[in-house]
Amino acid sequence: MIPPQPSARTAGQAASGWPAWWLQRRWQAWLLLPLSGLFGALAALRRLAYQHGWRQAWRAPLPVIVVGNVTVGGTGKTPLVLAIAQHLSRLGWKPGIVSRGHGREGMGHEPLQVEPDADPATTGDEPLLLRRLAACPVWVGRRRAAAAQALLRAHPGVDVLLSDDGLQHLALARDVELVVTDLRGPGNGWLLPAGPLREPWNRPRDATLGPSSSLASLASASLATPCFAFHRKLGMVRQLATGERLSLNAFLLRHAGQALAAAAGIGHPEQFFDMLRLAGATLPTTLALPDHHSFDTDPFRQIEAAALLITEKDALKCKPSFSRLDRLWAVELLLEVDPAFFPWLLARLPARPDRPHGFTPA
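Residues numbered from 1 in each chain as written. Predicted model: local features only at pLDDT ≥ 70, side-chain atom pairs only at ≥ 80, totals over all residues. Heavy atoms only, no water.

Peer 1: Tell me what's going on with the overall build of the chain, and back it up with residues and numbers.
Peer 2: Of regular secondary structure, the chain possesses eleven helices and 13 strands. Long-range pairs, those at least 24 residues apart, make up 69% of the contacts in the chain with a sequence separation of at least 6. Summed over its atoms, the accessible surface of the chain is roughly 16,600 Å², and 58% of this surface lies on carbon and sulfur atoms. (Helix = DSSP H or I, 4+ residues; strand = E, 2+ residues; numbered from the N terminus. Contact = heavy atoms within 4.5 Å. Areas by Shrake-Rupley, 256 points an atom, 1.4 Å probe, with all protein chains shown as cover.)

See the structure below:
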């Protein structure tokens, strides 16, 4: 039996989620400051090249919304992309989504369309999850501009593009730039590799979003940037073997007095475990897996529990050959965004056209 793991943090990781040497052993970070300076100079030069036309960004003939972060690691970009796509669809828009497809096998240069029944190993787990839940076209590719062009050729009715990540992918011009942050904030405030920042924390952007509990720190992330809070919550649970769906409360009542466990291969597994505990789940055993874990083998076989709760993202990669698939339950992770955000976003988009955007491939 795997021993209980009260924390999903790996050794050497600070309570904030950043590696301890970034935050506590600052002498190590100081040694890397020259490299951070070089990283920052190259990034600034690259941005200037696009701003002054020395390098050309491809501009789509329709609005492009980029959702990204300025720090390494996951901050909740994909759930926000899903929430935006679903909201726009309800209003009559026809969104399309592009992504790099982090962790997918055989990442060639040619863009790939994500089908609902695709293998997550070839598409990436998050793009496949978006394809199934957003029910709109999703394409992946190393170069997001090329993926966007391929999507528009295949789906000429799409009238708004969302980029899952890609804040630093300047080859795709954007109309709205959204930055997602979390409770970890900017760490020590230094650029890679001395700190966790991909670019300066206070670079201007259109809006910053993050957990409501960090709203005060969000307000200082950029001088005059609008800030919108979001709230993560748990939704329905789904039994992998049968497809049965229950509310989380009904699931916990059914398994009252039984040994439960939880596992997650996401950016911050402990957040998932804490949400389950707050909902009333007793979890003597938790298993933190690396983000985008491949699930080539069954990681749950040694866990002794009547039921094991996992995320929908991880459920995509669970194989029928896994032992006791009937005890695996996938939990929806939902995002509630400040109601003021969507009117703000819509005000920055043109009126929805009543005809296809007329994109003609070169």
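Peer 1: How would you summarise the side chain of histidine 255 if you had to cite specific residues and measurements?
Peer 2: Examined against the element boundaries, histidine 255 turns out to sit in the loop between α8 (248–254) and β10 (260–264). Every residue in contact with histidine 255, bar those within four places of it in the chain, is listed here: Leu260, Ala307 and Trp329.

Peer 1: I'd like a rundown of the packing of aromatic side chains, residues and numbers included.
Peer 2: For the coordinates displayed, the defined rule picks out eight aromatic pairs. With a centroid separation of 6.0 Å and an interplanar angle of 25 degrees, the aromatic rings of phenylalanine 341 and tryptophan 344 are classed as stacked. Placement of the pair is phenylalanine 341 and tryptophan 344 together in helix α11 (residues 341–346), with a separation of three residues, close to one helical turn. For the pair phenylalanine 341 and tryptophan 344, a shared accessibility class is recorded, and that class is buried. (Phe/Tyr/Trp six-rings, centres within 6.5 Å; stacked < 30°, edge-to-face > 60°. Buried < 20%, exposed > 50% of the residue type's maximum accessible area, 1.4 Å probe, protein only.)

Peer 1: I'd love a proper account of the packing of helix α3 (residues 77–90) against helix α5 (residues 125–134), names of residues and values included.
Peer 2: The angle between the axes and the distance between the axes are what describe a pair of packed helices. At their nearest, the axes of α3 and α5 sit 10 Å apart, and the two run at 25 degrees to each other. In terms of orientation, α3 lies roughly parallel with respect to α5. Crossing of α3 against α5: the hand is right-handed. Contacts between α3 and α5 involve Thr78, Val81, Leu82, Ala85 and Gln86 from the first element and Glu126, Leu130, Leu133 and Ala134 from the second. Tallied by class, the residues present in the contact of α3 with α5 amount to six nonpolar, two polar and one charged. (Axes fitted to C-alpha atoms, helices over the stretch in contact; angles between N-to-C directions. Parallel < 35°, antiparallel > 145°, perpendicular 65-115°, else oblique. Left-handed = near helix turned anticlockwise from the far one by under 90°. Nonpolar A, V, L, I, M, F, W, Y, C, P; charged D, E, K, R; others polar.)

Peer 1: With reference to specific residues and values, describe unusual backbone geometry.
Peer 2: Look at the link from leucine 192 to proline 193: it is a cis peptide, with omega at 0 degrees. The residue proline 193 is located in the loop between β6 (176–180) and β7 (207–211) in this model. Of note in this structure, aspartate 165 is not a glycine but carries a positive phi near 75 degrees. By relative accessible area, aspartate 165 is classed as buried at 17%.

Peer 1: Outline the environment of lysine 317, listing residues and values.
Peer 2: Residue placement: lysine 317 occurs in the loop between α10 (312–315) and β13 (328–337). For lysine 317, a relative accessible area of 9% gives the class buried. Residues lysine 317 and phenylalanine 295, 22 residues apart in the sequence, show an inter-C-alpha distance of 6.1 Å. In contact with lysine 317, not counting residues within four places along its chain, are Pro120, Asp125, His292, His293, Ser294, Phe295 and Phe322. In this structure the side chain of lysine 317 is engaged in a polar contact, spanning 2.7 Å, whose partner is the side chain of aspartate 125. Within polar-contact distance, the side chain of lysine 317 engages the backbone oxygen of histidine 293 at 2.8 Å. (Polar contact = N/O pair within 3.5 Å; in protein donor to acceptor, adjacent residues only side chain to side chain.)

Peer 1: Kindly report on α5, identifying the contributing residues and their values.
Peer 2: Counting buried residues in α5 gives seven out of ten residues, a clear majority hidden from the surface. Listed in full, the buried residues belonging to α5 are Asp125, Pro127, Leu128, Leu129, Leu130, Arg131 and Ala134. For α5, the secondary structure elements touched by its buried residues are α3, β2 (95–99), α4 (120–123), β4 (138–140), β5 (160–164) and α10. Alanine 135 sits one or two positions beyond α5 and adopts a positive phi of about 55 degrees.

Peer 1: Quick rundown of the pattern of salt bridges? Include the residues and the values.
Peer 2: Enumeration according to the criterion identifies 15 salt bridges in this entry. The salt bridge involving arginine 47 is made with glutamate 199; its shortest N-O contact spans 3.5 Å. Taken together, the positions of arginine 47 in helix α2 (residues 26–51) and glutamate 199 in the loop between β6 and β7 put the pair 152 residues apart, joining distant regions of the chain. This pair shows no difference in class: arginine 47 is buried, exactly as glutamate 199 is. For the salt bridge of lysine 313 with aspartate 291, the shortest nitrogen-to-oxygen distance reads 2.7 Å. Of this pair, lysine 313 sits in helix α10 while aspartate 291 sits in the loop between β11 (285–288) and β12 (307–311), and the two are 22 residues apart along the sequence. Connected via shared salt-bridge partners are Arg47, Arg174, Glu177, Glu199 and Arg203. (Salt bridge = Lys/Arg side-chain N within 4 Å of Asp/Glu carboxyl O.)

Peer 1: Mind laying out the environment of glycine 40, listing which residues take part and the relevant values?
Peer 2: Mapped onto the secondary structure, glycine 40 falls in helix α2. Classification of glycine 40 as buried rests on a relative accessible area of 19%. Placed 160 residues apart in sequence, glycine 40 and proline 200 show a C-alpha to C-alpha distance of 8.1 Å.

Peer 1: Go over the pairing of β10, please, and point to the residues and values.
Peer 2: For a regular strand, side chains alternate in direction, first toward one face of the sheet and then toward the other. For β10, the tally of buried residues reaches five of five residues, placing the bulk of the element in the interior. With burial as the criterion, each face of β10 is covered, one bearing Leu260, Ala262 and Ala264 and the other bearing Ala261 and Ala263. The pairing of β10 with β11 spans four bridges and is parallel. Pairing of alanine 262 across the sheet is with threonine 286, part of β11. As a crossover connection, the stretch from β10 through helix α9 (residues 269–278) into β11 is right-handed. (Pairing = 2+ DSSP bridges. Right-handed = clockwise from strand over helix to strand, strands pointing away.)

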